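Structure assessment
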Amino acid sequence: MKYRYSLSLPCAALTGAFVLTSLALAAEKDLSFSEKLLAVDANEGCAIVDVNNDGVLDVIAGRNWFAGPDYIPRAVRAIEDNKGYAHSNGDFPYDVDGDGWVDVISQSFFQTEVNWYRNPGADSLRMGLLWEKHLLVDTKVDRNEAEIMYDLDGDGVNELIVNSWNKETSLLAWKFATEMREVEVMRGRRKVKEMQEVPTMKKITIGSNKNGHGLGVGDLNGDGLEDVLFQAGWYERPKNNAMDQTWTFHEDWFLHASIPMIVQDLNGDGRNDFIYGLGHDFGLFWREQLKPAADGSLQWKEHLIDDSFSQPHVLHMADIDGDGENELITGKRVFAHGGRDPGGMEEPVLYYYNWDKRKQQFERKTISKGTAGTGLQIATGDLNGDGRLDIAVAGKSGTYVIINDG
């Protein structure tokens, strides 16, 4: 049985006239969902991926991975807490060492290291052994709000793009590379040090000394090249040698925005708009890109999507209702600042939104209310092989799998 999953990219539409017709009719009604609570802790990252290579999708969430289809917790790594925050702000599955077993990359809010945790393979996974921790790079930068992985240079391998709430921090991305490093290895019963080629990361400076809460990637100016959005505006990608120079900064807005911000041409006018949430306040919006000004600068008009709940800190796009179009999935990040944000003590919610092309507006549908909220990542994948995308969320209301019952 073939499973499909999506971390942030659009899922392929199902084919076949009968299937499409059935799904279109089903999409006219509200979907129903079944929740399963997997864990309760301060972890806020999650991913859906096949961890143990058995052809069934699993969930990775901080300290544990949960093997489908029963989702019993199994160990990944130890994570310390700091005043209500886990020293981890995301789970990024990637086969770092190329051995055919997916590993996990993670950073911290307050620490400067990006580490990877090596998938130990079949026998150790069955025994629940911890995954070995390895340093990718010490960025020398703390106050990291969140990260996204995106292929900036088009070589087929994603870079790690880091968002910082510190406005004076440079906006950096990190590219996978290798280097010779002295490592400890076992030779018989002795530990010895020797030089080996190991995975590392190379720094890419997108913008110098200008960062802030919010991050997204997409082509804003229509030149066919992806730009980077953040709190104070956007960085325009250079046409040549983009990974070796800083990008041009455009101060088009100032928003305490979500991670990610979603770039998409919503109204079909050929100009990309973007969707964002106020990560620590009430408000979910989309900004329409208008015709450029006479001097070529971009112009924007803001539209409210929903202001009934606070802290839409993470956004995700996926075809949750099977109609061939991606829906917007988001919800309340629970205790984002320990409950001190506006609306911070209100109940968790998780919603999806259909885009109505005729009305040019979003229509809200409920996934969960009063139980599952969000953290820093939302993942979707067909967990039970029924052809419908299911959801995983992790936050301070708990780690959940939410099965799409159609």
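The structure reproduced in this document is the subject of the present report. Being a predicted model, the structure only gives us computed values, none of them experimental. (Residues numbered from 1 in each chain as written. Predicted model: local features only at pLDDT ≥ 70, side-chain atom pairs only at ≥ 80, totals over all residues. Heavy atoms only, no water.)

What follows is about the overall build of the protein. Per the secondary structure count, the protein includes 2 helices and 31 strands. Relative to the compact-globule value of 22 Å for 406 residues, the protein shows a C-alpha radius of gyration of 21 Å, a close match. Once the C-alpha set of the protein is aligned to its principal axes, its extents read approximately 70 × 50 × 45 Å. A buried classification covers 54% of the 406 residues belonging to the protein. Nonlocal contacts in the protein, meaning residues at least 24 apart in sequence, comprise 50% of its contacts between residues at least 6 apart. For the protein, the exposed area adds up to about 17800 Å²; of that, 49% sits on carbon and sulfur atoms. When the 41 basic and 64 acidic side-chain charges of the protein are each reduced to a single mean position, those positions are 4 Å apart. (Helix = DSSP H or I, 4+ residues; strand = E, 2+ residues; numbered from the N terminus. Rg over C-alpha atoms; globule rule 2.2 N^0.38 Å. Buried < 20%, exposed > 50% of the residue type's maximum accessible area, 1.4 Å probe, protein only. Contact = heavy atoms within 4.5 Å. Areas by Shrake-Rupley, 256 points an atom, 1.4 Å probe, with all protein chains shown as cover. Lys, Arg positive; Asp, Glu negative; His and termini not counted. Charge placed at Lys NZ, Arg CZ, Asp CG, Glu CD.)

The strand order β17-β18-β19-β20 describes an open sheet built from 4 strands, whose pairing is antiparallel. Each of the sheet's edge strands pairs with one partner strand only, and the pair in question is β17 (215-218) and β20 (248-250). Going from strand to strand, the sheet's axes swing by 25 degrees on average, the running direction of each strand aside. Judged from the 3 bridges that link them, strand β19 (residues 233-236) and β20 form a sheet pairing that is antiparallel. By the bridge assignment for β20, Glu236 is matched with Thr248. (Pairing = 2+ DSSP bridges. Axes fitted to C-alpha atoms, helices over the stretch in contact; angles between N-to-C directions.)

On the basis of which strands lie adjacent, the open sheet formed by 4 strands has the order β13-β14-β15-β16 and antiparallel pairing. Unpaired on one side and paired on the other, β13 (144-150) and β16 (190-207) mark the two borders of the sheet. Mean inter-strand twist for the sheet, computed between neighbouring axes without regard to direction, equals 30 degrees. By the bridge criterion, 6 bridges tie β13 to strand β14 (residues 159-164) in an arrangement that is antiparallel. Paired with Glu147 across the bridge in β14 is Val162.

Turning next to the nonpolar core. If you look at the biggest cluster of nonpolar residues, it comprises 18 residues, and the most contacted ones within it are Leu152, Ile161, Leu171, Ile206, Leu215, Val228 and Trp247. Contributing elements (two or more residues each) for this core: β13, β15 (171-187), β16, β17 and β18 (227-230). Discounting chain neighbours no more than four positions away, the residues touching Leu152 are Glu159, Ile161, Ala173, Ile206, Val217, Val228, Arg237, Met243 and Trp247. By size, the runner-up hydrophobic cluster in this structure holds 16 residues, among which are Leu31, Phe33, Leu350 and Ile391. (Core = buried A, V, L, I, M, F, W, Y, C linked by side-chain atoms within 4.5 Å.)

A few words on the environment of Ile305. By secondary structure assignment, the location of Ile305 is in strand β24 (residues 300-310). Separated by 98 residues in the primary sequence, Ile305 and Ile403 have C-alpha atoms spaced 25 Å apart.

Let us look at unusual backbone geometry. Cis geometry marks the peptide bond from Gly68 to Pro69, where omega comes out at 5 degrees. With respect to the element layout, Pro69 can be found in the loop between β5 (64-67) and β6 (72-75). Within the chain, Lys83 stands out as a residue other than glycine whose phi angle is a positive 55 degrees. A positive phi angle is found at Gln360, which is not glycine, with a value near 60 degrees. Mapped onto the elements of the fold, Gln360 is located in the loop between β27 (349-356) and β28 (361-369).

Now for the pattern of salt bridges. According to the stated counting rule, one finds 24 salt bridges in the structure shown. Measuring nitrogen to oxygen at the nearest pair gives 2.7 Å for the salt bridge that ties Glu44 to Arg333. Of this pair, Glu44 sits in the loop between β2 (33-39) and β3 (47-49) while Arg333 sits in the loop between β26 (327-331) and β27, and the two are 289 residues apart along the sequence. For the pair shown, Glu44 and Arg333 are each scored as buried. In this structure, the salt-bridge partner of Arg77 is Asp91, at a minimum N-O distance of 2.9 Å. (Salt bridge = Lys/Arg side-chain N within 4 Å of Asp/Glu carboxyl O.)

A word on the packing of aromatic side chains. A full pass over the atoms with the stated rule returns 18 aromatic pairs. Taken together, the aromatic side chains of Trp253, Phe274, Tyr276, Phe285 and Trp300 make up a single cluster linked through ring pairs. Its guanidinium or amino end placed over the ring of Trp65, Arg74 lies 5.5 Å from that ring's centre, counting from NZ or CZ. (Phe/Tyr/Trp six-rings, centres within 6.5 Å; stacked < 30°, edge-to-face > 60°. Lys NZ or Arg CZ within 6 Å of the ring centre and 35° of its normal.)

With respect to the helices and strands, the residue Glu288 is situated in strand β23 (residues 282-289). For the buried Glu288, no salt bridge is present, and the opposite-charge side chain at shortest range is Lys301, 5.0 Å distant. Looking at Glu288, its side chain comes within polar contact range of the side chain of His303, at 2.8 Å. (Polar contact = N/O pair within 3.5 Å; in protein donor to acceptor, adjacent residues only side chain to side chain.)

Note on placement: Met195 falls in strand β16. Remark: the alpha-carbon pair of Met195 and Val49, spanning 146 residues in sequence, is separated by 33 Å. Once residues within four sequence positions are removed from consideration, Met195 is found in contact with Met180, Arg181 and Glu182.

Turning next to the pairing of strand β25 (residues 315-318). The two faces of β25 match: Leu315 and Met317 on one face and His316 and Ala318 on the other face are all buried. The pairing of β25 with β26 spans 4 bridges and is classified as antiparallel. Each residue of the ladder has a partner; that of His316, found in β26, is Ile329.

Okay, the environment of Pro342 next. Mapping Pro342 onto the fold places it in the loop between β26 and β27. Judged by relative accessible area, which is 37%, Pro342 ranks as partly exposed. Sequence separation between Pro342 and Ser310 is 32 residues, and the spatial gap between their C-alpha atoms is 6.8 Å.

Position of Asp341 among the secondary structure elements: in the loop between β26 and β27. Nearest to the buried, unbridged Asp341 among oppositely charged side chains is Arg333, at 6.6 Å. Side chain to side chain, Asp341 and His280 meet in a polar contact 2.8 Å long.

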